[in-house]
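Analysis of the macromolecular model
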Amino acid sequence: MDPVEVAAAPDAGPGPAWQNKCPWGAPNTTSISCSLADVMSEQLAKELQLEEETAAFPEVVAVTEGPFISGENVDTSSDLMLAQMLQMEFDREYDAQLRREEKKFNGDSKVSISFENYRKVHPYDSDSSEDEVDWQDTRHDPYRADKPTTTPRKGFIGKGKDITTKHDEVVCGRKNTARMENFAPEFQVGDGIGMDLKLSNQVFNALKQHAYSEERRSARLHEKKEHSTAEKAVDPKTRLLLYKMVNAGMLETITGCISTGKESVVFHAYGGSATEDKVIPPECAIKVFKTTLNEFKNRDKYIKDDYRFKDRFSKLNPRKIIRMWAEKEMHNLTRMQNAGIPCPQVVNLKKHILVMSFIGQDQVPAPKLKDVTLSSEDMKKAYYQVLQMMQQLYKECNLVHADLSEYNMLWHDGKVWLIDVSQSVEPTHPHGLQFLFRDCRNVSQFFQKGGVAEALNERELFNAVSGLNITAENEVDFQEEIETLEKMNEDHVQNQGKKLLMFSSDGDPPIHSE
Ligand code: ADP
Ligand code: MN
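Just so it is clear, the structure is predicted and the values come from calculations on it, not from any experiment.

Here's the deal with the coordination of the manganese ion (ligand 2)
- Listed as protein donors to the manganese ion (ligand 2) are Asn 408 (OD1) and Asp 420 (OD); their distances from the metal cover 2.2 Å. Of this pair, Asn 408 sits in the loop between α10 (376-395) and β9 (409-412) while Asp 420 sits in the loop between β10 (415-418) and α11 (432-449); the two residues are twelve residues apart in sequence, bridging distant segments of the chain.

Here you go:
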């Protein structure tokens, strides 16, 4: 049986007949005789009217290449949207029918045949309103779990005569292998982590250096790809959602693409009119989290181990996980906003699309710290500001940025603005402190290279931000202590069901109103 036959596909047939021929016959055109003067005055009136019209709407002709999506070219784009909406609706109906047929076909048979490949709607696109996670629905930050769930205890701590010291070669080698996991998520470390692989310090250090330079390189590549066309960047479904935002008056015009990254595309838009409960900023940035799933699998480690996500992660399909990134960015930005950290202000969240205030002016985004040349005075000012923001982020927002570098800091209005916080985690995340250490390394290196003599080194910065007092003199020992702390915390969570006091200055989770 050919399932394609199940529902006759009305593959857009030829244009409707009425366009060619009126089925009710030609209208009666009876000519009325009139004088020459009548005809002349009528013609004059027509000419005058035409003149008037062209004077009143001079730009009407020039709407060939308008902005990306706006209220102005609504006529043409709405036709397209309408067609797409109808098509999507039809595809869904078709799939529903297919599903019924599949069920009927397989019946109670032990061997069943799947019609999956004949579905019209890609599983990603399939949508149901019940799994929508919208700004409107989420009054509380669901990731702020005060009672973290327990995690299985794992570690090397032996018992009795089996205790091994940290200098043991085997343990060291294994630890080095495990530490590879802390390289940037993009860095492919192979299966070593799953196997009982032991890396000598020398090999580990060589790998580490390579990982750092790779990290820099991939950031540079990422940069280059940033200016591709907007059209390729969004799928029809996203276009539709964007169109709805314009249609609803939330946005005035979507002017174009600011950045095309691996995981997201960012657009500029002019804000629409304010509603009773919300003021829309004059300029907005729209971050569209990309729906190509494989780009995100590298980031699993940011949320996989995050107890804030644990319950949800296992139940979710990839599409919902992508929405979760958008949702997470929204909540993290809100926390930062409440702490007074300069960052984009959240305007709206719709599925995988986050609308926020635009940092920049007149469609020109503020430059990244890495692209701007600051006077030494400004550089120093920026450093102290970043230090303060990192402390606030940690202590007041209970967050670690986890991707902090000169690529994710913008210079605007004489100060530094933090962006890109979808991957930010709480310090008690099993790798939270390691992420913080990486942030510290990036920040410290950037400002030291930038000539800020006062800039703390990465280890001092880590202590200054976290309030911890790790005294290790070199990086390897320092990281080891970080890992020990992380493990202690995990064990504590396991035993007591709550976080250790050392992770926040006053021992209480920060209070913030939303
Ligand atoms: P990615 O995950 O792709 O790095 P980002 O959030 O860093 O996503 O956004 C990519 C780029 O888009 C940024 O480097 C910045 O230039 C620009 N951008 C993002 N958000 C804003 C904003 N609110 N205002 C101005 N520019 C922004
Ligand atoms: Mn970024």
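Considering the site of ligand 1
- Neighbouring ligand 1 are 16 residues, the closest being Ser 264, Lys 287, Ile 359, Lys 368 and Asp 420.
- The contact in question runs from an oxygen atom of ligand 1 to an N or O atom on the side chain of Ser 264, over 2.9 Å.
- Burial of ligand 1 by the protein amounts to 95% of the accessible area it has alone, namely 550 Å².
- At the level of elements, β3 (264-271), β4 (283-289) and β6 (353-357) are the ones that each hand at least two residues to the shell around ligand 1.
- Classifying every residue of the shell around ligand 1 gives eight nonpolar, five polar and three charged.
- Residue assignment places the shell around ligand 1 across two domains, with domain 2 (233-365) and domain 3 (367-498) each supplying three or more.

What about the side chain of Ser 466?
- Structurally, Ser 466 is set in helix α12 (residues 458-466).
- At 3.1 Å, the side chain of Ser 466 and the backbone nitrogen of Leu 468 are in polar contact.
- Ignoring any residue separated from it by four or fewer positions in sequence, one finds Ser 466 in contact with Tyr 394 and Leu 436.

Describing the packing of α12 against helix α13 (residues 475-496)
- The contact between α12 and α13 brings their axes to 11 Å, and the two run at 25 degrees. Taken together, α12 and α13 sit at an angle that is classed as roughly parallel. Between α12 and α13, the contacting residues are Glu 458, Arg 459, Phe 462 and Asn 463 on the first element and Glu 475, Phe 478 and Ile 482 on the second.
- Taken together, the residues of the contact of α12 with α13 sort by class into three nonpolar, one polar and three charged.

Details of the packing of α11 against α13
- The N-to-C vectors of α11 and α13 enclose an angle of 145 degrees; their axes lie 8 Å apart at closest approach. Touching Gly 432, Leu 433, Gln 434, Phe 437 and Arg 441 of α11 are Glu 475, Phe 478, Gln 479, Ile 482, Glu 483, Leu 485 and Glu 486, all from α13.
- Grouping the amino acids of the contact of α11 with α13 by side-chain chemistry returns five nonpolar, three polar and four charged.

What to know about the packing of aromatic side chains
- Counted according to the given criterion, the structure contains seven aromatic pairs.
- On the numbers, 5.1 Å between centres and 65 degrees between planes, the contact of Tyr 383 with Tyr 384 is edge-to-face.
- The class for Tyr 384 is partly exposed, based on a relative accessible area of 38%.
- Geometrically, the ring pair formed by Phe 446 and Phe 447 is edge-to-face, given 5.0 Å between the ring centres and 80 degrees between the ring planes.
- Accessibility expressed as a relative area gives 15% for Phe 446, which makes it buried.

Quick word on α12
- Looking only at α12, the buried set comprises Glu 458, Leu 461, Phe 462, Asn 463, Val 465 and Ser 466.
- Along its buried surface, α12 packs onto α10, α11 and α13.
- The backbone nitrogen of Arg 459 has a side-chain oxygen 2.9 Å away, supplied by the residue at the start of α12, namely Asn 457.
- Just past α12, the residue Gly 467 takes up positive phi, approximately 75 degrees.

Looking at the environment of Ile 482
- Along the polypeptide, Ile 482 turns up in helix α13.
- Residue classification places Ile 482 among the buried residues on the basis of a relative accessible area of 1%.
- Separated by 49 residues in sequence, Ile 482 and Leu 433 place their C-alpha atoms 6.5 Å apart.
- Sequence-distant contacts of Ile 482, that is, excluding residues within four places in its chain, are made with Leu 433, Gln 434, Phe 437, Phe 462 and Ile 470.

Structural notes on the pattern of salt bridges
- Tallied over the entire structure, the rule returns six salt bridges.
- When the shortest N-O distance is used, the salt bridge between Glu 329 and Lys 287 registers 2.9 Å. Here Glu 329, found in helix α9 (residues 318-338), pairs with Lys 287, found in strand β4; they are 42 residues apart in sequence, far enough to count as distant. As far as the burial class goes, Glu 329 and Lys 287 line up, both buried.

Structural notes on the state of the cysteines
- If you walk through the whole model with that rule in mind, you get zero disulfides.
- The thiol of Cys 343 is not disulfide-bonded; the next cysteine sulfur, from Cys 397, is found 8.2 Å away.
- The class of Cys 397 is buried, set by a relative accessible area of 1%.

Calculation notes
- Residues numbered from 1 in each chain as written.
- Chains lettered and ligands numbered in written order.
- Predicted model: local features only at pLDDT ≥ 70, side-chain atom pairs only at ≥ 80, totals over all residues.
- Heavy atoms only, no water.
- Donors = N, O, S within 2.8 Å, 3.2 Å for Na, K, Ca; no water.
- Helix = DSSP H or I, 4+ residues; strand = E, 2+ residues; numbered from the N terminus.
- Near = heavy atom within 4 Å.
- Polar contact = N/O pair within 3.5 Å; in protein donor to acceptor, adjacent residues only side chain to side chain.
- Areas by Shrake-Rupley, 256 points an atom, 1.4 Å probe, with all protein chains shown as cover.
- Nonpolar A, V, L, I, M, F, W, Y, C, P; charged D, E, K, R; others polar.
- Domains from an automatic or database assignment.
- Contact = heavy atoms within 4.5 Å.
- Axes fitted to C-alpha atoms, helices over the stretch in contact; angles between N-to-C directions.
- Parallel < 35°, antiparallel > 145°, perpendicular 65-115°, else oblique.
- Phe/Tyr/Trp six-rings, centres within 6.5 Å; stacked < 30°, edge-to-face > 60°.
- Buried < 20%, exposed > 50% of the residue type's maximum accessible area, 1.4 Å probe, protein only.
- Salt bridge = Lys/Arg side-chain N within 4 Å of Asp/Glu carboxyl O.
- Disulfide = S-S within 2.5 Å.

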